[in-house]
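# Structural description and commentary
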Amino acid sequence: MDHLDKFDIAILNELQADGRLTNAELAQRVGLSAAPCWRRVRALEESGYIRGYRAEIDRRKVGLGVLAFVRLYAERNNGDITRTLEEALRALPEVVACHYISGTGTFELQVVAQDLDSFSLFAQQRLLNLPNVKDLQTSFSLGEVKAGGALPLSHLGRQAKA
């Protein structure tokens, strides 16, 4: 699936807003009958536009009151060493997002913890002991303004019309 049309874009928008829609509800919202809508959703999944479905959980309700942004500085940046560090970071459930970044630092992490003490322990015992880690710089979220938002797809609509 190389080209998205207006129905595909509408499906993506609706599923971003509510991933629990039934196929019948989704079909009605996007103006298709059930069978073609189901085929389009499957095609979007198979081609990787839709990577999965999950519940968005309030971290505070499950006792994860701290959200930290950690800039991780690697000692050296070469293929094998960086891949080893990436694998180690993927294995840490406390690291909920990790980006390889430009500028100063190597990775930008989003880390959740119960409280400052548990974050401090995690940083000292786990992050600083990962292979090839030179240093960490941490900032803490003082409040979320926007999180877990849907991707903007309006540019796809313009492409579909062209």
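Predicted model, so just to flag it, every value in this text is computed and none were measured.

## Observations regarding the nonpolar core
If you look at the biggest cluster of nonpolar residues, it comprises 21 residues, and the most contacted ones within it are L89, L109 and L127. Looking at this core, the elements that each hand over two or more residues are β1 (66–74), α4 (79–90), β3 (107–113), α5 (116–127) and β4 (133–140). No other element matches β1, which puts five residues into this core. Beyond its immediate chain neighbours, meaning those up to four positions away, L89 contacts L72, V95, C98, F107, L109, L127 and L130.

## Re α5
Within α5 the residues assigned to the buried category are F119, F122, A123 and L127. Seen along its axis, α5 keeps its buried residues to an arc of 95 degrees; they face one direction. Across from the buried face of α5, at angles greater than 90 degrees, the exposed residues are D117 and Q125. The N-capping residue of α5, defined by a side-chain oxygen 3.2 Å from the backbone nitrogen of D117, is D115.

## Side note on the confidence of the model for the protein
Taken residue by residue, the protein gives an average pLDDT of 93. The fraction at 70 or more is 98%. Model confidence for the protein, summarised as mean pLDDT per element, is weakest for helix α6 (residues 154–161) at 75 and strongest for α5 at 98.

## Section: the layout of surface pockets
Of the voids in this model, the largest pocket is the one considered here, and its volume is about 1800 Å³. Surrounding the largest pocket, 35 residues form its lining, R54, A55, E56, G148 and G149 being those nearest its centre. Of all the elements in the fold, those that place two or more residues in the lining of the largest pocket are α1 (6–17), β2 (95–100) and β3. Ranked by residues supplied to the lining of the largest pocket, first place goes to α1 with four residues. Residues that form the lining of the largest pocket fall into these classes: 19 nonpolar, seven polar and nine charged.

## Some thoughts on the packing of aromatic side chains
Counted under the stated rule, the structure contains two aromatic pairs. Centre to centre, the rings of Y100 and F107 are 5.2 Å apart; their planes meet at 45 degrees, and the pair counts as tilted. For F107, a relative accessible area of 2% translates into the label buried. Ring centres of F119 and F140 lie 5.2 Å apart, and the angle between their planes is 85 degrees; on these two criteria the pair is classed as edge-to-face. Within this pair, whereas F119 is found in helix α5, its partner F140 is found in strand β4, the two being separated by 21 residues in sequence. Looking at F119, the relative accessible area reads 5%, which means it is buried. Taking the relative accessible area as the measure of exposure, F140 reaches 36% and is therefore partly exposed.

The rules behind each value
- Residues numbered from 1 in each chain as written.
- Predicted model: local features only at pLDDT ≥ 70, side-chain atom pairs only at ≥ 80, totals over all residues.
- Heavy atoms only, no water.
- Core = buried A, V, L, I, M, F, W, Y, C linked by side-chain atoms within 4.5 Å.
- Buried < 20%, exposed > 50% of the residue type's maximum accessible area, 1.4 Å probe, protein only.
- Helix = DSSP H or I, 4+ residues; strand = E, 2+ residues; numbered from the N terminus.
- Contact = heavy atoms within 4.5 Å.
- Arc of directions from axis to C-beta.
- Polar contact = N/O pair within 3.5 Å; in protein donor to acceptor, adjacent residues only side chain to side chain.
- pLDDT = per-residue confidence, 0-100.
- 1 Å grid on protein atoms, 1.4 Å probe; cavity = no way out; pocket = protein on both sides within 12 Å on 5 of 7 lines; lining within 4 Å.
- Points joined across faces, edges and corners; volume = space filled by probe spheres on them.
- Nonpolar A, V, L, I, M, F, W, Y, C, P; charged D, E, K, R; others polar.
- Phe/Tyr/Trp six-rings, centres within 6.5 Å; stacked < 30°, edge-to-face > 60°.

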